[in-house]
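Spelled out, the chains give:
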Amino acid sequence: RSLTIPQRKDYIRATQCMMTTPSKSLKSFPDNTNRYDDFKNPFILAASLRTGIHGTGTFLPWHRYAINLWEDALREECDYKGAQPYWDWFLDTPDGGGEWEKSPLYDVENGFGGNGVYVNQSLAGFEIPDFGSMGGGCITNGLFKDMTVRIGPMGQMTKNNTRCITRGFSATIAHSGASRKSLSKVLSAKTFTEFRSWAEMGSGHVTMGSGGIGFEDEGGDLHSIGHMGIGGEMMDPFNSLNDPLFWLHHTGMDRMWSLWQEVDPAKRAMDVGGPSGFFDLAPLKLETSVWVGVAGPDVPAGRVMDPLNRHGSGVLCYKYE
């Protein structure tokens, strides 16, 4: 929202530039067609067999590093002059004075376009509950309505697999996940492990009463705000990066982590915890390598923990407005 119209257009231009700039990783991924694909492949592998970043301590530092590599590529290869924007989802909720479906991010001329046509959403042959969704099919307007993707669903990398970008908005999920209660819950975490768990998966507990077994939501689950709140491609655990809104959503999550760290940077800037990977239960440490494949060189987690690089050994240097 703080970007001027020319700044918004320039970010979108640079994103589209990445979609037309030739791939640099054809030796590893011969089916890639552009630089945007080069960022999809590491995400697929990191989300699946390579490390399994979801539900692990690596989740936040991996995405932080990937976001910054993406921003570097926009600047160095597509002449982008700005910074990677973040999505403050709270402003698109009733608590924040807005509505999910009316977010300026969906602007037709200066944004990413809106919802998809209504269809029953499915993934790997299984129908997905719509959670109040009124879409699920190809997006029909905006600057990305004619964009095609060739990777996925569910991590497939095969020839002749051209598809449209799909979306299926769910205001119910977005309004809940980005509510004042939910955001406050995440920011109240005392440790990195607690913060990561609440931010990625939420918190709550099972209830027993006269009405039977229920579930009381206690807030959190920022991850679902964008993935399930947007739906379509963003619902795919391996191919959500197909939708360029992925970057703004995960930068929003990175901002929340940064806000949490800044409450007590002496303790929190380098606080790590949890397993290194879904298949590697060794605890995440500052020296644990963060792997992003062809998107960039491996780095120890400690080098991407603090955005302000206060320890002097990091590879980042940025702050959120």
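Residues numbered from 1 in each chain as written. Predicted model: local features only at pLDDT ≥ 70, side-chain atom pairs only at ≥ 80, totals over all residues. Heavy atoms only, no water.

Draft legend 1. The overall build of the chain, seen in detail. For the chain, the helix and strand inventory stands at 9 helices and 10 strands. Burial status across the chain gives 54% buried among its 321 residues. Contacts in the chain between residues at least 24 apart in sequence constitute 63% of all its contacts with a sequence separation of at least 6. When the accessible surface of the chain is totalled, it reaches about 14300 Å², and 56% of it is carbon and sulfur. (Helix = DSSP H or I, 4+ residues; strand = E, 2+ residues; numbered from the N terminus. Buried < 20%, exposed > 50% of the residue type's maximum accessible area, 1.4 Å probe, protein only. Contact = heavy atoms within 4.5 Å. Areas by Shrake-Rupley, 256 points an atom, 1.4 Å probe, with all protein chains shown as cover.)

Draft legend 2. Just the confidence of the model for the chain, in detail. Per-residue confidence for the chain gives a mean pLDDT of 87, with 86% of residues at or over 70. Mean pLDDT across the elements of the chain ranges from a minimum in strand β7 (residues 203-209), with 45, to a maximum in helix α8 (residues 245-263), with 98. Note that pLDDT drops below 50 for residues 204-208; the model gives that stretch 16 contacts with residues more than four away or on any other chain. In the predicted structure, residues 212-216 sits below a pLDDT of 50 and forms 16 contacts with residues beyond four places in sequence or in another chain. (pLDDT = per-residue confidence, 0-100.)

Draft legend 3. Just the state of the cysteines, in detail. Across all of its chains, the model carries 2 disulfides by this definition. With its sulfur 2.1 Å from that of its partner, Cys17 forms a disulfide with Cys78. Looking down the S-S bond of the Cys17 and Cys78 bridge, the torsion is -80°, so its handedness is left-handed. Of this pair, Cys17 sits in helix α1 (residues 5-18) while Cys78 sits in helix α3 (residues 59-78), and the two are 61 residues apart along the sequence. Taking relative accessible area as the criterion, Cys17 reaches 18% and is therefore assigned buried. (Disulfide = S-S within 2.5 Å.)

Draft legend 4. The arrangement of the nonpolar core in detail. If you look at the biggest cluster of nonpolar residues, it comprises 75 residues, and the most contacted ones within it are Phe39, Trp87, Trp89, Trp100, Phe195, Leu222 and Trp247. Mapped onto this core, the elements with two or more residues apiece are α1, α2 (35-47), α3, α4 (171-177), α5 (180-187), α6 (192-201), α7 (222-230) and α8. Here this core takes 11 residues from α3, the largest share from any one element. (Core = buried A, V, L, I, M, F, W, Y, C linked by side-chain atoms within 4.5 Å.)

Draft legend 5. Structural view of α5. Ser182, Leu183 and Val186 are the residues of α5 that are buried. Seen along its axis, α5 keeps its buried residues to an arc of 95°; they face one direction. (Arc of directions from axis to C-beta.)

Draft legend 6. The environment of Val304, seen in detail. By the element assignment, Val304 lies in the segment after β10 (299-300). With a relative accessible area of 0%, Val304 lands in the buried category. Considering only alpha carbons, one finds Val304 and Tyr65, 239 residues apart in sequence, at a separation of 6.2 Å. What Val304 contacts, discounting residues up to four positions off in sequence, is Pro61, Arg64, Tyr65, Val299, Val315 and Leu316.

Draft legend 7. Spotlight on the environment of Trp257. Its location among the elements puts Trp257 in helix α8. Trp257 gets classed as buried once you look at its relative accessible area, which sits at 0%. C-alpha separation for the pair Trp257 and Arg196, spaced 61 residues apart in sequence, amounts to 8.3 Å. Apart from the residues within four sequence positions on either side, Trp257 is in contact with Leu60, Pro61, Arg64, Phe192, Phe195 and Met305.

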